[in-house]
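# Examination of the molecular architecture
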Amino acid sequence: MCHKRRAALIFLLLLFLSLTGCGAPDSSEKPDNPDECLNISQLQSVCELATLECYYHNTAKLSSEKKILFWNTSKKLWIEYSGIVKVGIDISQLDLKVDGSLVTIVLPDAEIFSCKVDEASLSKENFYSEEKGFGGSKITAQDQSEAFAQAQKNMLETVQNDQTLLLQAKERARTLILNYVNNIADAIGTDYEIQWENVPS
């Protein structure tokens, strides 16, 4: 389940700083250049707040079989592990254009920032092995390393196929940006029309 950061508190602080930079005019006057109240650096900061951290729990398996003299031998290894995945918006692809009351925002699709197995979850209690057959080899450190690599691969594939998670991260960024722009508009006494665009191919 995704772990929600304390984005709301940070967002309010960011908004306060943004309004301070705009001069936070009172209702009786507007800034000389309201376009300056919206800038790409503040928009990037908002998008960084939208980054999601998700925690996965899964099992990786490794097995091998071979024949020794007249006996078939096999060994199996199961690993229960937890992993942390970060998904968000690449702020280098974010763009902002302000033309009077028209605000055009280029919002890229969300992507995977990092996908890492939590090594702290790989305790001995989470390793399960099974050896069968006379003369069969035991589970080795190399076997454990291969199982760990397989766990990392499995988790990455799971996240890549989770389109719902990627869409959720993009929608979260869109919502925070929308709130930010609307709050700026309310503070300076203007109305913005927001237009969303995808990153040019």
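Rules and cut-offs
All chains use their own residue numbering, which begins from 1 and follows the written sequence. pLDDT decides what is reported in this predicted model: residues at 70 or higher carry local features, side-chain atom pairs at 80 or more are listed and counted, and totals for whole chains, interfaces and linings draw on all residues regardless. Derived side-chain values reflect all non-hydrogen atoms in the structure, with water molecules and hydrogen atoms excluded from consideration. Helix and strand assignments come from DSSP, with helices taken as H or I runs of at least 4 residues and strands as E runs of at least 2, each series counted from the N terminus. A simple rule labels every residue: compare its accessible area, found with a 1.4 Å probe on the protein chains alone, to the largest value its type can have, and call it buried under 20%, exposed over 50%, or partly exposed in between. Contacts between residues were defined by any pair of non-hydrogen atoms, one from each residue, lying within 4.5 Å. Within this scheme, the nonpolar core is defined by two criteria: the residues are buried Ala, Val, Leu, Ile, Met, Phe, Trp, Tyr or Cys, and they are joined through side-chain atoms within 4.5 Å. By the convention used here, strands pair only if DSSP detects at least 2 bridges between them. For helices, the axis comes from a line fit to the C-alpha atoms of the stretch in contact; other axes are also lines fit to C-alpha atoms, and the angle between any two N-to-C directions lies between 0 and 180 degrees. We count a salt bridge whenever a side-chain nitrogen from Lys or Arg sits within 4 Å of a carboxyl oxygen from Asp or Glu.

Let us look at the overall build of the protein. Along its length, the protein carries 4 helices and 8 strands. When the helices and strands of the protein are read in sequence order from the N terminus, they spell out β-α-α-β-β-β-β-β-β-α-α-β. Burial status across the protein gives 33% buried among its 201 residues. Across the protein, every contact between residues at least 6 apart in sequence was considered, and the portion connecting residues at least 24 apart equals 79%.

Another aspect to go through is the nonpolar core. Ranked by size, the top nonpolar core spans 42 residues in total, and within it L38, V87, I105, I177, V181 and Y192 carry the most contacts. Per element, the largest residue contribution to this core is 11 residues, and it comes from helix α4 (residues 163-188). Beyond its immediate chain neighbours, meaning those up to four positions away, V87 contacts A50, T51, L52, A110, E111, F113, V159, L165, L166 and A169.

Another aspect to go through is the sheet that holds strand β8 (residues 193-197). Spatially, 3 strands are ordered β4-β5-β8 in an open sheet, and the strand pairing comes out mixed. Sheet topology places β4 (95-99) and β8 at the edges, where each strand pairs with a single neighbour. Recorded for the sheet is a direction-independent mean angle of 20° between the axes of neighbouring strands. For β4 and strand β5 (residues 102-106), the ladder comprises 5 bridges, and the chain directions are antiparallel. Its bridge partner being in β5, D95 is matched across the sheet by V106. Set on the sheet, α4 makes contact with β5 and β8; between it and β8 the angle comes to about 155°.

Next up on the list: the pattern of salt bridges. A full pass over the atoms with the stated rule returns 3 salt bridges. Of the charged contacts in the structure, one is a salt bridge between K170 and D109, with a shortest N-O distance of 2.7 Å. Of the two residues, K170 is situated in helix α4 and D109 in the loop between β5 and β6 (111-117); the sequence distance between them amounts to 61 residues. The exposure class of D109 is exposed, given its relative accessible area of 54%. The partner of R174 in a salt bridge is E171, with the nearest N and O atoms 3.5 Å apart. Taken together, the residues span about one helical turn, with R174 and E171 both in helix α4 at a distance of 3 residues. Judged by its relative accessible area of 24%, R174 falls in the partly exposed class.

What follows is about the environment of R174. Residues R174 and A50 lie 124 residues apart in sequence; the distance between their C-alpha atoms is 8.7 Å. Those residues in contact with R174, other than ones at most four positions away along the chain, are L107 and W196.

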